[in-house]
Amino acid sequence: MPPAWREDGEGPQTLTGLLPEGFRDRLPPQAEAAAALLRTLLDTVAARGYARVQPPLVEFETGLSGWLMKPASTALLRATDPASGLGLALRPDITGQIARIAATRLADAPRPLRLAYGGPVLRAKGGQLNPAREFLQAGAELIGSDSLAAATEILTMAVAALAAAGVTDISVDLTLPELVATLAADRWPVPCPLADLHAALDAKDAGALPALGATAYAPLLAAAGPAAQALARLRALDLPVAPQLDALESLAAALPGTHVTIDPTERHGFEYHSWLGFSLFGRGPEGAVRGEIGRGGSYAVRHSNGTSEAAVGFSLYVDALVDAGLGITRPRRLFLPHGTPSTTADTLRAQGWATVAALSPTDTPQGCSHVWNGVEAAAL
Ligand SMILES: N[C@@H](Cc1c[nH]c[nH+]1)C(=O)O
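Each chain has its residues counted from 1, following the order in which its sequence is written. A pLDDT threshold of at least 70 governs which residues receive local features in this predicted model, and a stricter bar of 80 or more applies before side-chain atom pairs are shown or counted, although totals over entire chains, interfaces and linings include all residues. The side-chain values count all of the structure's non-hydrogen atoms but skip hydrogen atoms and water molecules.

Looking at an unreviewed UniProt entry, the protein carries the name Histidine--tRNA ligase, with the source organism given as Sandaracinobacteroides saxicola.

Structure (structure tokens):
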């Protein structure tokens, strides 16, 4: 490897292996696990008619969230385009880009439009629990409807994709991202700014509600829990969202074998979502997947003619699955001793073997599961 040279020609730079905080290399076998899991998740959605699109990693900021009816709040990692001098942003989420595609290049495509995607997203800041700033996102968006049928298709597909990836003990937390704003606008007006009420509820801080003049909201915090119990408590409050509660009940019923909870005021990560939001959790071979594996819900796509279009979708976070030990397979690699004819190697690869050819007579079969003995593949 040639050394890296300083631009002033003074000699090699000091090289370190350091990466910026929140970024990492994936090595074998985790890098292969990530690729395999992405394939499995996208195969599940492809099997249900979702066609893959591939938006760019970088675009103008407006293209990243301007096509969603409500703004997303994620801090953006930015760059300047040396070619044009214009400001660029790295995508923090692919859903906004799908909204752009649906509203522009595929505006005339028949609805409902079913699109799938997989690729990295980047954030300016890591989270408190997880400092990572780069994530591999895989997802699906159904554009043209946010009906119960559409939401059921999306949510059951997300759960099926996780099951196909080997996730066990899958659980779903359902939320109504617009509930608090709906109630504040009508049934339970508050003297404080809506943002303060949201902050108290997001922090599950019932103690802060009296000072905000918002004690009416305390039962919503207390209602959170397993779906049947939460629905009973919410229905007892006689809220003006009976159809949404019925929809949550149907969604829970569409997921037999999945633990479903309802947290009616949860809005964290659901800034652009409308009537429905959901978070997904589960376990891998190395224990519970840390934090959420994925998230989704309903939202609206903005069109340039001023109209909007309902949509529903989900994104899954492949790194969370890899970190929980999913997708790892023991490599089946066949060592070919020095001098093995290349035609033999071709035949073995055609039979499905990954081959590792010795470069010299002293090479050893490191990293291989089998050795070619001239007749057959012998297990190591
Ligand atoms: N992209 C959102 C989830 C989502 C997909 N579609 C709708 N919502 C997220 O990662 O939080």
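## Quick look at the site of the ligand
Here a residue is near a molecule or strand as soon as one of its heavy atoms is found within 4 Å of it. Taken together, 14 residues lie around the ligand, and Asp 93, Thr 95, His 273, Ser 315 and Tyr 317 are the ones closest in. For this analysis, a polar contact is any N or O atom pair within 3.5 Å, provided that within protein one partner can donate a hydrogen and the other can accept it, and provided that sequence-adjacent residues contribute only side-chain to side-chain pairs. Between the ligand and Thr 95 there is a distance of 2.8 Å, counted from a nitrogen atom to a side-chain nitrogen or oxygen. Between Tyr 317 and the ligand, the recorded distance is 2.5 Å, taken from a side-chain N or O atom to an oxygen atom. In isolation the ligand has 300 Å² of accessible area, and contact with the protein removes 97% of it. Elements with a contribution of two residues or more to the shell around the ligand: strand 6 (134-143), strand 12 (294-302) and strand 13 (308-317). A class-by-class count of the residues in the shell around the ligand yields 4 nonpolar, 7 polar and 3 charged. Areas reported here follow the Shrake-Rupley algorithm with a probe of radius 1.4 Å; residue values treat only the protein chains shown as occluding. Numbering of helices and strands runs from the N terminus, with a helix taken as a DSSP run of H or I at least four residues long and a strand as a DSSP run of E at least two residues long. Amino acid classes used here: Ala, Val, Leu, Ile, Met, Phe, Trp, Tyr, Cys and Pro are nonpolar; Asp, Glu, Lys and Arg are charged; the rest, including Gly, are polar.

## Things to note about the environment of Tyr 272
Inspection of the secondary structure puts Tyr 272 in the loop between strand 9 (259-262) and strand 10 (277-284). Here the alpha-carbon distance between Tyr 272 and Gln 97, two residues 175 residues apart in the chain, equals 13 Å. Should any heavy atoms of two residues lie within 4.5 Å, those residues are considered in contact. Beyond its immediate sequence surroundings of up to four residues, Tyr 272 is in contact with Leu 68, Lys 70, Pro 71, Ala 72, Asp 93, Thr 95, Ser 298 and Tyr 299. Of the polar contacts made by the side chain of Tyr 272, one reaches the side chain of Asp 93; its length is 2.7 Å.

## So, the UniProt feature "binding site: L-histidine" (unreviewed entry) in the protein
UniProt positions are given in the numbering used here, feature names are shortened, and annotations may be inferred rather than shown by experiment. The UniProt feature table records "binding site: L-histidine" (unreviewed entry) at Asp 93, Ile 94, Thr 95, Arg 123, Gln 137 and Glu 141. Here Ile 94 shows up in the loop between strand 4 (87-90) and helix 3 (95-103). Only protein chains enter the accessibility calculation, which uses a 1.4 Å probe. A residue is then buried if its area is under 20% of the maximum for its type, exposed if over 50%, and partly exposed in between. Using a relative accessible area of 1% as the deciding quantity, one classes Ile 94 as buried. With residues near it in sequence (within four places) discarded, Ile 94 still touches Pro 55, Tyr 117, Gly 119, Val 121 and Gln 137. With respect to the helices, strands and loops of the structure, Thr 95 is situated in helix 3. Look at Thr 95 and you get buried, because its relative accessible area is 3%. With near-sequence residues (within four places) excluded, Thr 95 lies in contact with Tyr 117, Glu 141, Tyr 272, Tyr 299 and Ser 315.

## Brief notes about the packing of aromatic side chains
Two aromatic rings from Phe, Tyr or Trp, using only the six-membered ring of Trp, form a pair when their centres are within 6.5 Å; if the ring planes differ by under 30 degrees the pair is stacked, by over 60 it is edge-to-face, and anything between is tilted. A full pass over the atoms with the stated rule returns 3 aromatic pairs. Measuring from centroid to centroid gives 5.8 Å for Phe 135 and Tyr 317, while their planes differ by 80°, and the two rings are edge-to-face. Residue Phe 135 is located in strand 6, and its partner Tyr 317 is located in strand 13; the two are separated by 182 residues in the primary sequence. Seen in terms of ring centroids, Tyr 272 and Tyr 299 are 5.9 Å apart; in terms of plane orientation they differ by 85°. Their pairing is edge-to-face. Of this pair, Tyr 272 sits in the loop between strand 9 and strand 10 while Tyr 299 is found in strand 12, placing the two residues 27 residues apart along the sequence. Per residue, the accessibility class of Tyr 272 equals that of Tyr 299, and both read buried. Either the NZ atom of lysine or the CZ atom of arginine qualifies as a charge over a ring when it sits within 6 Å of the ring centre and within 35 degrees of the ring normal. Above the plane of the ring of Phe 270 lies Arg 295, whose end atom (NZ or CZ) is 5.9 Å from the centre.

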